[in-house]
Amino acid sequence: MSNLLDIRDLKLAFKGLSGLSEVLHGIDLSIAAGERVALVGESGSGKSVTARIILGLLQETPNARVSGEVEFDGRDITAMRPRDRARLRGTEMSMIFQDPTSSLNPTFTIACQFAEVMRRRDPRMKQAECDARATEMLTEVSIPDPERVLNAYPFQLSGGMNQRVMIAMALVNNPKLLLADEPGTALDVSVQAQTLRLMHDLVEMHHTAVLFISHNLGVVREFADRVYVIYRGRIVEEGPTDAIFHAPGHAYTRALMDAVPRITGAGLPEVPEVSDDFLAPMVRHDGGAA
Amino acid sequence: MSPVLRILSRRLGISVIVLIGVSMLIFAIARVIPGDPARIALGPNATDDQVAAIRAEMHLDEPIVAQYGYFVADVLRGDLGESLYTNRRVTTDIAEFLPATLELVIVAGFMMVAIGLPLGILAARHRGRWPDHVVRVLTLLTVSAPSFVWAVILMLLFSFYLPLFPVAGRLNDSYDIARTTGFLTVDTLLAGNFAAFIDALHHLILPAIALALSGIGQAARLTRANMVETYDKPYIEMAQAFGFFPSRIARRYAFKPSLIPSLTIIGLDFAAMLGNAFLVEAVFAWPGLSRYGVAVILRKDLNAIMGTVLVIALTFLVVNIIVDLLIAFLNPRIRHSTRATS
């Protein structure tokens with residue numbers, strides 16, 4: 001089966017003063033076209049760097065050592081020239097960040113930033129065309145008064161509004177893959193849930209594949225078709241969302257699930273920082289797309 | 001009222017208060033310096049009667065508050081009195097010397113912005129790599145030596161060992177140019193004398209560079225520091241994630257937001273050049289206001305001191321207002337704020 005994204009034996013190390021420190025120890029991950037996949041783990045587990053390697057950003061950091069294959073749409077990203085990688089960003093793949101308000105340029109209006117993004121695809125687009133298309137996209141993310149938002153600066157909009165703007169911006173060029181790094185973690189829970197539902201419907205409609213990065217299994221359950229659990233630079237469990245939630249096979253996955261806050265409020269569970277069980281071999285659930 | 005107008009009116013109001021404060025301060029300080037201005041002006045051979053006459057004419061025997069009252073009344077009529085040093089109206093002196101200094105400072109200020117900012121952008125874009133190191137070492141050199149040292153070094157190098165530039169003055173004596181604006185580069189062009197224009201420019205370059213060097217270094221270092229900080233902001237990563245060219249990211253995403261904090265200091269540096277110009281003017285025998293100012297202070301020429309200080313203070317205020325308006329223009333947060341911020 002041909003996947004949109006195929007990561008094979010991806011390793012990453014950072015060169016520091018005390019030599020190389022390895023961050024990813026050989027990750028395998030795949031996403032089919034239009035599939036929603038979640039990568040779940042605690043902070044520092046290597047999920048964000050994985051997204052940045054897919055985007056081709058980390059390869060350009062001088063002290064990062066990347067090895068392995070990242071095949072996107074039939075082409076190996078790690079072997080590409082930086083310029084070709086940059087060409088894919090913003091057009092074939094795009095990314096949504098944690099804090100929407102500080103991720104938008106504070107000195108330009110939303111309309112201006114939309115135009116910048118759209119001109120990545122078609123540099124000759126006129127401002128009026130850009131505005132029309134942006135209005136369309138903003139309506140799709142349920143923004144009631146797109147005109148006002150287009151003429152506003154990010155600091156004049158609420159966090160939830162900026163989140164929708166960012167989603168619209170990320171999808172305006174119809175990318176094949178959307179990377180979402182803890183989207184909306186900086187927002188309050190109800191706004192986050194709203195925008196995630198919105199994003200879910202939109203990517204389904206546009207048939208956009210998503211790599212959804214989160215530490216929160218509860219959020220992932222609502223959103224993803226398939227889940228990878230990552231711990232300390234290794235994938236420890238992989239399978240369809242239902243299978244993982246019904247029968248978590250790996251000790252670390254169970255610990256993560258216990259860490260989801262419950263409304264019944266039993267207090268925070270004890271999750272050991274390191275446990276021998278967490279280093280147990282990977283658990284794979286069958287029935288996944290890959 | 002639009003926010004820009006509000007900023008402008010508020011700034012103008014503050015400026016008037018600052019001017020009054022500065023005039024009071026300098027008025028008091030100038031009169032505390034020991035020595036009788038009338039005696040200094042007339043010289044040791046003057047009779048006591050002559051000295052007394054001048055003192056009466058200048059109201060020097062009256063209480064200081066009354067003296068300040070006379071001074072303010074004169075200023076409001078546009079009269080700054082007569083200089084005891086040049087025996088001319090202070091306004092005439094200022095009109096003659098100010099354009100020379102302004103010409104120097106404006107060219108130096110232009111160099112500061114046109115060279116300093118791009119150097120800072122270059123360093124920030126390649127932070128941690130060799131272009132950054134080169135810029136940082138060079139700018140450290142320019143910042144750490146005062147402008148008169150640069151004036152002497154530049155003069156030695158480029159006027160003496162390598163006679164590329166004239167040693168002193170503003171224009172070769174062989175040219176007779178009518179002074180309409182006092183800016184020789186403008187006047188020569190108005191006179192249609194292109195050879196004289198080139199000569200004026202030729203005279204201007206070395207002193208302007210000497211005056212600008214520390215400002216260039218300062219502007220470059222400031223821009224670099226602010227941009228390096230901005231490069232860590234999430235919207236830079238977002239711009240990278242959208243695949244914009246590094247040069248575009250540097251310009252639109254890192255430089256523009258960083259310019260706002262840099263601009264205030266660059267504006268102050270620009271105004272401070274007016275004072276720093278003194279030593280450069282001294283080295284290059286440049287007939288400017290800074291040189292005039294120091295000469296009149298040494299002779300305790302009260303009217304001329306007040307006039308010079310007022311003009312310099314006024315220039316500071318005007319530059320500050322321009323900077324504030326520029327910042328308001330660059331920073332949408334100020335332009336769109338519903339309340340005026342100071």
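Scoring rules and cut-offs
Residues numbered from 1 in each chain as written. Chains lettered and ligands numbered in written order. Predicted model: local features only at pLDDT ≥ 70, side-chain atom pairs only at ≥ 80, totals over all residues. Heavy atoms only, no water. Helix = DSSP H or I, 4+ residues; strand = E, 2+ residues; numbered from the N terminus. Buried < 20%, exposed > 50% of the residue type's maximum accessible area, 1.4 Å probe, protein only. UniProt positions renumbered as here; feature names shortened; annotations may be inferred. Pairing = 2+ DSSP bridges. Salt bridge = Lys/Arg side-chain N within 4 Å of Asp/Glu carboxyl O. Contact = heavy atoms within 4.5 Å. Polar contact = N/O pair within 3.5 Å; in protein donor to acceptor, adjacent residues only side chain to side chain. Core = buried A, V, L, I, M, F, W, Y, C linked by side-chain atoms within 4.5 Å. Domains from an automatic or database assignment. Patch = residues over 30% accessible without salt bridge, like charges linked within 9 Å, V, L, I, M, F, W, Y side chains within 5 Å. Areas by Shrake-Rupley, 256 points an atom, 1.4 Å probe, with all protein chains shown as cover. Phe/Tyr/Trp six-rings, centres within 6.5 Å; stacked < 30°, edge-to-face > 60°. Lys NZ or Arg CZ within 6 Å of the ring centre and 35° of its normal.

Asker: Hey, could you run me through the overall build of chain B in this one?
Answerer: For chain B, the count of helices and strands is 14 helices and zero strands. Helices and strands in chain B line up, N terminus first, as α-α-α-α-α-α-α-α-α-α-α-α-α-α. C-alpha atoms of chain B, sized along the principal axes, occupy 85 × 55 × 40 Å. Taking all 342 residues of chain B together, the buried fraction comes to 44%.

Asker: Would you take a moment to explain the UniProt feature "domain: ABC transmembrane type-1" (unreviewed entry) in chain B for this structure?
Answerer: Mapped onto this numbering, the UniProt entry annotates "domain: ABC transmembrane type-1" (unreviewed entry) at residues 98-327 of chain B. Between the end C-alpha atoms of residues 98-327 of chain B there is a gap of 27 Å, over a span that is 80% helix and 0% strand.

Asker: Looking at this structure, how should I read the sheet that holds strand S7 (residues 177-181) of chain A?
Answerer: One key point about sheets: their strands pair by backbone hydrogen bonds, in either a parallel or an antiparallel sense. Residues and elements named next belong to chain A. Taken in spatial order, the seven strands line up as S6-S7-S8-S3-S9-S10-S11 in an open sheet, and their pairing is mixed. Single-partner strands in this sheet number two, and they are strand S6 (93-96) and strand S11 (283-284). Judged from the five bridges that link them, S7 and strand S8 (residues 209-214) form a sheet pairing that is parallel. Residue pairing for S8: Leu-179 is matched across the bridge by Leu-211.

Asker: What am I meant to see in the pattern of salt bridges here?
Answerer: Side chains bearing opposite charge may pair, as long as their charged atoms lie close to each other. Residues and elements named next belong to chain A. Within the structure shown, the criterion is met by 33 salt bridges over all chains. The closest approach of N and O atoms between Arg-8 and Glu-71, which form a salt bridge, is 3.1 Å. Here Arg-8, found in strand S1 (residues 5-16), pairs with Glu-71, found in strand S4 (residues 64-72); they are 63 residues apart in sequence, far enough to count as distant. Overall, the relative accessible area of 33% leaves Arg-8 in the partly exposed class. Classification of Glu-71 as partly exposed rests on a relative accessible area of 27%. Ionic pairing is found between Asp-145 and Arg-148, a salt bridge with its closest N-O pair at 2.9 Å.

Asker: Got a minute to help me understand the interface of chain B and chain A in this structure?
Answerer: Interfaces are frequently sized by the accessible area removed from exposure as the parts join. Contact residues are listed per partner, giving 21 residues for chain B and 28 residues for chain A. At the junction of chain B with chain A, the criterion picks out three salt bridges. Glu-237 of chain B is paired through a salt bridge with Arg-52 of chain A; the nearest N and O atoms lie 2.3 Å apart. For the interface between chain B and chain A, the tally reads nine residue pairs in polar contact (both at pLDDT 80 or more).

Asker: Explain the nonpolar core here, please?
Answerer: Here is a general trend for soluble globular proteins: nonpolar side chains tend to be buried in one another's company. Among the nonpolar cores identified, the biggest contains 144 residues, and Phe-114, Val-165, Leu-177 and Phe-212 of chain A are the most heavily contacted of them. By residue number, the principal contributor to this core is helix H11 (residues 246-283) of chain B, which donates 14 residues. Two domains share this core, each providing at least three of its residues, namely domain 1 (1-85 + 300-342) and domain 2 (90-298) of chain B. Leave out the neighbours within four places in its chain, and Val-165 of chain A touches Leu-104, Ile-110, Phe-114, Leu-138, Ile-143, Val-149 and Leu-157 of chain A.

Asker: Where do I start with a nonpolar patch on the surface in this structure?
Answerer: The grouping of Val-152, Ile-153, Leu-156, Leu-157, Phe-160, Tyr-161, Leu-162 and Leu-164 of chain B at the surface amounts to a nonpolar patch, some 770 Å² of accessible area in total. Of note, Leu-164 of chain B is situated in the loop between helix H7 (147-161) and helix H8 (184-190).

Asker: Please explain the UniProt feature "transmembrane region" (unreviewed entry) in chain B as it appears in this structure.
Answerer: As annotated in UniProt, the feature "transmembrane region" (unreviewed entry) corresponds to residues 12-33, 104-125, 137-162, 194-217, 258-284 and 304-330 of chain B in the numbering used here. Secondary structure across residues 258-284 of chain B divides into 96% helix and 0% strand, with the first and last C-alpha atoms of the span separated by 36 Å.

Asker: Would you mind going over the sheet that holds S4 of chain A with me for this structure?
Answerer: Residue and element names in this part refer to chain A. Read from one edge to the other, the open sheet built from four strands follows the order S2-S1-S4-S5, with strand pairing classed as antiparallel. Every interior strand has two partners, whereas the edge strands, strand S2 (19-31) and strand S5 (75-76), have only one. Here S4 runs beside S5; their pairing, made up of two bridges, is antiparallel. Pairing of Glu-71 across the sheet is with Asp-76, part of S5.

Asker: Quick question: what am I supposed to make of the pairing of strand S9 (residues 226-231) of chain A here?
Answerer: Look at any regular strand and the pattern is simple: side chains alternate between the two faces of the sheet. All names here are of chain A. Of all the six residues making up S9, six are buried; the element is thus mostly covered by neighbouring parts of the structure. Bridge count for S9 against strand S10 (residues 234-240) is six bridges, and the pairing is antiparallel. In the strand pairing of S10, Tyr-231 is matched with Arg-234. Hairpin connection between S9 and S10: a loop of two residues separates the two successive antiparallel strands, and Arg-232 in this loop has a positive phi of roughly 50°.

Asker: Help me out: how do you make sense of the packing of aromatic side chains in this one?
Answerer: One pair of aromatic rings is described through two measures. These are the centre distance and the angle between the planes. Residue and element names in this part refer to chain B. Across all of its chains, the model carries 12 aromatic pairs over all chains by this definition. Taking 5.2 Å as the distance between ring centres and 80° as the angle between the ring planes, the aromatic pair formed by Phe-27 and Tyr-68 counts as edge-to-face. Of this pair, Phe-27 sits in helix H1 (residues 3-32) while Tyr-68 sits in helix H4 (residues 64-76), and the two are 41 residues apart along the sequence. Residue class for Phe-27 comes out buried when judged on its relative accessible area of 3%. Assessed through its relative accessible area of 16%, Tyr-68 is described here as buried. Ring centres 5.5 Å apart and planes at 40° place the aromatic pair Phe-27 and Phe-71 in the tilted group. In this pair, Phe-27 sits in helix H1 while Phe-71 sits in helix H4, placing the two residues 44 residues apart along the sequence. Taken together, the ring pairs in this structure connect Phe-27, Tyr-68 and Phe-71 into an aromatic cluster. The ring of Phe-27 carries the charged tip of Arg-31 above its face, separated from the ring centre by 3.7 Å. The ring of Tyr-231 carries the charged tip of Arg-127 above its face, separated from the ring centre by 3.8 Å.

Asker: What exactly am I supposed to notice about the pairing of S4 of chain A here?
Answerer: Residues and elements named next belong to chain A. Here S1 runs beside S4; their pairing, made up of eight bridges, is antiparallel. Looking at S4, one finds that Phe-14 is bridged to Ala-64. Between S4 and S5, which pair antiparallel and follow one another directly, the connecting turn spans two residues, one of which, Asp-73, has a positive phi of 55°.

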